[in-house]
Amino acid sequence: MHDFLQQLVNGLSVGAVYALIALGYTMVYGVLRLINFAHGDVYMVGAVIAYELAVKLAGLNSPVWVALPIIFLGAMVGCGALGFTIEYLCYRPLRHRPRLVSLITAIGVSLLLENLFQNRRIFGATPRNLPELLVIRPVLSIAVGASHSPVIVTNLDLISMGLCIAMMLGLSWFVLKTKMGLALRAVSFRVDTASLMGINTNRVISMTFVLGSALAAVAGVVDAMRYQVDPLMGLIPGIKAFVAAVLGGIGSIPGALLGGFLMGLVETLLKGYLPAQYNNYSNAAAFVVLILILLVRPSGLLGKTTVEKV
Amino acid sequence: MRWMAFWTTVVLLCLSGCKKQQGESSDIVIGEYGSLSGTTAVFGQGTHNGIQLAVDEINAAGGLLGKPVRLVTEDDEGNQDEAVSVVKKLIDRDNVVGVLGEVASTRSLAGGSVCEQEGVPMISPSSTNPDVTKDRKYVFRVCFTDDFQGSVGAQFAIKKNWKRVAVFSSSNSDYSKKLSMFFKQTFTAAGGQIVSEETYSDGDKEFKAQLTRMQSKNPDAVYLPGYYTEIDLILRQARSLGFTVPFFGGDGWDGATLDSISEGCCFTNHYSPEDPRPSVQQFIATYKAKYGAVPDAFGITGYDAARVMFDAIKRAGSTDRNAVRDAIAQTKDFPGAGGSITIDENHNAKKPIVILEIRDGKTHLADTIQPN
């Protein structure tokens, strides 16, 4: 029982990060029908910004409760700007071309960012540890049954899950209750009609990228604290979050959250319960789960079934 | 068509020009490949510093065979495929006499197969997997092998009275796989019990699932033969789960952030800065004077590998690759900084192992084991 509960905590903590990244995929897809493959690298840039800020702040000896908000906000602003720039320079000029063109551009942007940050003058290929601003330590330990070790929840687990839920709620409020959110829903419904209704579609699309990138930045900061920072760190989480978005139903915000948590849980539980020699198949197994779910529900768990007009 | 013929001629002319230049080269070119960047950058950088020190020394002393030594260094970024292509580059482009490298066994195996094909002598400073030199005519090493390292680790665990040990190894590292195998052999033969075996992949970042599983088996200690980047993450995640038993491993630990989090942990290595032998202390002093830091194990093995290569070229009296190969194979009682080096029939050196223990946030020499 201890094992199972601890694996749940481990899985949810990882899943929260997938969910945060998946939100960005899903929002952009909802509005532009574009799979933004550069999104995983925006997450990486968030981690890099966190690293640079943390080094500066550690030099100034600032306390955690000052440093953490600065790092999170700094990374969100930086990545928001990056997301805006990517959309403005790379996707906007191609918006009226076939969708495949944007998709390939997205892959190009992804490669560009990865290789740019591998340059020694910018960041370099060597992983770096964040200076220890936040000491990761257990905040909750719950004794379970006769097990010799309690179930442990660390402060970072709480931060990642808490931020993920808070961001999701904030985003839902924004989309459902604000005027800008209404415009966003209108654009995702039909771009040209929305523009006929007097909605500035360019602004809405830019904002989608800014929001999605800021969420990826939050995920990047969490993982920078939890793991290390390196220029290729966005590859695997990017793919997994994309899968999470598809799993939950791409275009659906609660779906992204559900998909992200599911991905994290499935992956961790498989690692925790498959025989040890199959540990390395847990990644593959997560994708098998995706295929199975899509066979039964092609539009994802919370996705709407749409009829493609011919 | 005519243009193509023209350009082909131009290219061929250029190429033959280059070749000629190399034939009459006025220096002795030695190639080095290593992970100067990437997840094992500490390995490559330490080795490079050691090799560069040896090159500077020999050039200050008048060079080899009356010619200066020129070192060409290639970064393989810690990538196996990249290792193959940079070794090819060193051989084809720079026409090197010999190759020095790698630290990680997987990459030494990859680069070694190129050297073997091309007939270029290669010395690995610190790859410990026995397969690196096995059945190879041109590949040598100046360090101990994992059968010795694994058994020393197991004997140390027995001595520490760790009876129930969990093994956590990387399934895509030739080093980790072999080292854990040798550890298990000796450990179980000596009456120890392996209570849990888990695997990860190099490049993984999340290990809590496996750690939780090991923790529930309640081992006395965890044997972790891996590389420092993963070890850093594994230790941090284990401690955050309240999994506080000692972890121990091999020379891949060198480079890890060893502080309060790794208190009580230990690992087997090539060298300790606390080693009182004059050759070691003298090396440390020279290294410090040049780089301003205490060398790691890769510094000293890199230094020794380069010097064995130079010694062989000197004894061969030429830069003919086969003559150099034969001279390396005949190396006997060479006074290396890390101890005397004799290359045996399997192309390995027999060297003592040191056991390092982290106490009070610092690495201390716990024991030195001589080879039998």
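Before reading further, recall that the structure is shown in the block above.
Keep in mind it's a predicted model, so treat the numbers as computed, not measured.

Criteria and cut-off values
- What you see as residue numbers is a count from 1 along each chain, following the sequence as written.
- For naming, the first written chain is A and the first written ligand is 1, with later ones following in the order written.
- In keeping with the model being predicted, local features are shown solely for residues with a pLDDT of at least 70 and side-chain atom pairs are shown and tallied solely at 80 or more, while totals for entire chains, interfaces and linings include all residues.
- Heavy atoms from the whole structure form the basis of all side-chain values; hydrogens and water molecules are not counted.
- Only rings of Phe, Tyr and Trp enter the pairing, Trp through its six-membered ring, and a pair is recorded when the two centres are within 6.5 Å. The plane angle decides the type: under 30 degrees is stacked, over 60 is edge-to-face, the rest tilted.
- A helix here means a DSSP run of H or I that spans at least four residues, while a strand means a run of E at least two residues long, and both kinds are numbered starting from the N terminus.
- Here's how the labels work: a residue is buried when its accessible area is under 20% of the maximum for its type, exposed when over 50%, partly exposed in between, all with a 1.4 Å probe on protein chains only.
- Counting as a charge over the ring demands two things of the Lys NZ or Arg CZ atom: a distance within 6 Å of the ring centre and an angle within 35 degrees of the ring normal.
- Residues are treated as being in contact if the distance between any of their heavy atoms lies within 4.5 Å.
- Summed over both partners, the accessible area lost on bringing two parts together, with a 1.4 Å probe, is the buried area.
- Just to be clear on terms, a salt bridge is a Lys or Arg side-chain nitrogen sitting within 4 Å of an Asp or Glu carboxyl oxygen.
- Two N or O atoms count as a polar contact when they lie within 3.5 Å, although within protein this holds only if one can serve as hydrogen donor and the other as acceptor, and sequence-adjacent residues are included solely when both atoms are side-chain atoms.
- Three categories are distinguished: nonpolar for Ala, Val, Leu, Ile, Met, Phe, Trp, Tyr, Cys and Pro, charged for Asp, Glu, Lys and Arg, and polar for the others, with Gly belonging to the last.

Asks: Quick question: what am I supposed to make of the packing of aromatic side chains here?
Replies: Any pair of aromatic rings gets described here by the distance separating the centres and the angle formed by the planes. Scanning the model with the defined rule gives 24 aromatic pairs over all chains in all. A centroid spacing of 5.0 Å and a plane angle of 45 degrees characterise the contact between B:W162 and B:F248, whose relative ring orientation is tilted. Note that B:W162 is positioned in the loop between α5 (146-159) and β6 (164-170) and B:F248 in strand β9 (residues 247-249), a separation of 86 residues in sequence. Each member of the pair, B:W162 as well as B:F248, carries the same accessibility label: buried. The interplanar angle of 10 degrees and the centroid separation of 5.1 Å between the aromatic rings of B:Y175 and B:Y227 together place this pair among those described as stacked. Taken together, the positions of B:Y175 in helix α6 (residues 174-189) and B:Y227 in the loop between β8 (221-223) and α8 (228-240) put the pair 52 residues apart, joining distant regions of the chain. With relative accessibility at 7%, the residue B:Y227 sits in the buried group. Members of the aromatic cluster, each reached through a chain of ring pairs, are B:F156, B:W162, B:F183, B:F187, B:Y223 and B:F248. If you follow A:R128 out to its NZ or CZ, it ends over the ring of A:F123, 4.2 Å from the centre.

Asks: Explain the interface of chain B and chain A to me, please; I cannot follow it from the model alone.
Replies: Many authors give the size of an interface as the accessible area that is lost as the parts come together. Taken residue by residue, the interface counts 30 residues in chain B and 33 residues in chain A. Carbon and sulfur atoms make up 46% of the surface buried where chain B meets chain A, a total of about 2600 Å² over both sides. Area buried by chain B at its contact with chain A is led by B:K205, B:E206 and B:R213, which between them contribute 23% of it. The interface formed by chain B and chain A holds three salt bridges in total. Taking the shortest distance from any N to any O, the salt bridge between A:D157 and B:K208 comes out at 3.7 Å. Viewed at the interface, chain A and chain B are joined by 14 residue pairs in polar contact (both at pLDDT 80 or more). Of all the elements in the fold, those that place two or more residues in the side of chain B that touches chain A are β7 (193-200), α7 (208-216) and α8 of chain B. Element by element, the count of residues in the side of chain B that touches chain A is highest for α7(B), at seven residues. Considering only residue class, the side of chain B that touches chain A consists of five nonpolar, 16 polar and nine charged.

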